[in-house]
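Here's the letter readout for the chains.
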Amino acid sequence: MGQHTSGTHHHGYVEDTPLNQAMPAHERLSRLDAVEILHTPDEVAQWLASTLRAAMGKSEEDVAFEDEWDQWVKYAHSGETITTGLLRGPTISAVAVPEAECRCASTPLVPVGGKKRSR
């Protein structure tokens, strides 16, 4: 994808572990490949909602995440990392990444099965 237009974007991560055992955000950036690169606050909220729904085995009609959506957009707009998940896993994170620290600028990301992963 190359360079991003704003100063901060988000990398989406899914860890198959409960929240209390998940890696800190800075470790995710250095040890895991992002499953999604998110450029706007709305993309962050959409990805969190759809990924959390999938983990729950629910549809959009079952769980809308209306209250959470507004908070996710607000936090993403502020450049904050957002972490959520289920009691017994997985942990789902949208990690805020400043351009200067972004590995995806130097390692091209390519779509793989609807997801973006490092080569």
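Residues numbered from 1 in each chain as written. Predicted model: local features only at pLDDT ≥ 70, side-chain atom pairs only at ≥ 80, totals over all residues. Heavy atoms only, no water.

What follows deals with the pairing of strand β3 (residues 82–85). Only one face of β3 is buried: it carries I82 and T84, and the other face, with T83 and G85, is open. With four bridges joining them, β3 and strand β4 (residues 91–98) adopt antiparallel strand pairing. Note on β4: the bridge partner recorded for T84 is I92. If you look at the hairpin formed by β3 and β4, you'll find five residues sitting between the two strands, and G89 has a positive phi there, around 95 degrees. (Buried < 20%, exposed > 50% of the residue type's maximum accessible area, 1.4 Å probe, protein only. Helix = DSSP H or I, 4+ residues; strand = E, 2+ residues; numbered from the N terminus. Pairing = 2+ DSSP bridges.)

What follows deals with the sheet that holds β4. As summarised here, the arrangement of the four strands in space is β2-β1-β4-β3, forming an open sheet in which the pairing is antiparallel. Every other strand in the sheet has two partners, leaving β2 (36–38) and β3 as the edge strands with one partner each. Going across the sheet, the axis of each strand differs from the next one's by a mean of 20 degrees, ignoring polarity. Across eight bridges, the pairing between strand β1 (residues 8–15) and β4 is antiparallel. Each residue of the ladder has a partner; that of V14, found in β4, is I92. Here helix α2 (residues 41–56) sits on the sheet in contact with β1, β2, β3 and β4, set at roughly 160 degrees to β4. (Axes fitted to C-alpha atoms, helices over the stretch in contact; angles between N-to-C directions. Contact = heavy atoms within 4.5 Å.)

Moving on to the nonpolar core. The biggest cluster of nonpolar side chains holds 15 residues, and the ones touching the most others in it are V44, W47, L48, F65, W72 and I82. Elements with a contribution of two residues or more to this core: α2, α3 (66–77) and β4. Each residue touching W72, except ones within four places of it in the same chain, is listed here: A45, L48, A49, L52, F65 and I82. (Core = buried A, V, L, I, M, F, W, Y, C linked by side-chain atoms within 4.5 Å.)

Moving on, we come to the confidence of the model for the protein. For any part of a model where pLDDT is low, the fine detail of the predicted coordinates should not be relied upon. Residues with a pLDDT of 70 or more make up 81% of the protein, whose mean pLDDT is 82. Note that pLDDT drops below 50 for residues 1–5; the model gives that stretch 12 contacts with residues more than four away or on any other chain. When the criterion is pLDDT under 50, residues 106–119 qualifies, and its contacts beyond four places in sequence or with other chains add up to 30 contacts. (pLDDT = per-residue confidence, 0-100.)

Between its first and last C-alpha, α2 extends 22 Å over 16 residues, near the 22 Å set by a 1.5 Å rise per residue. Turning to α2, its buried residues number three or more, namely V44, A45, W47, L48, A49, T51, L52 and R53. Positive backbone phi, approximately 75 degrees, marks G57, located one or two places after α2. (Expected span 1.5 Å × (residues − 1).)

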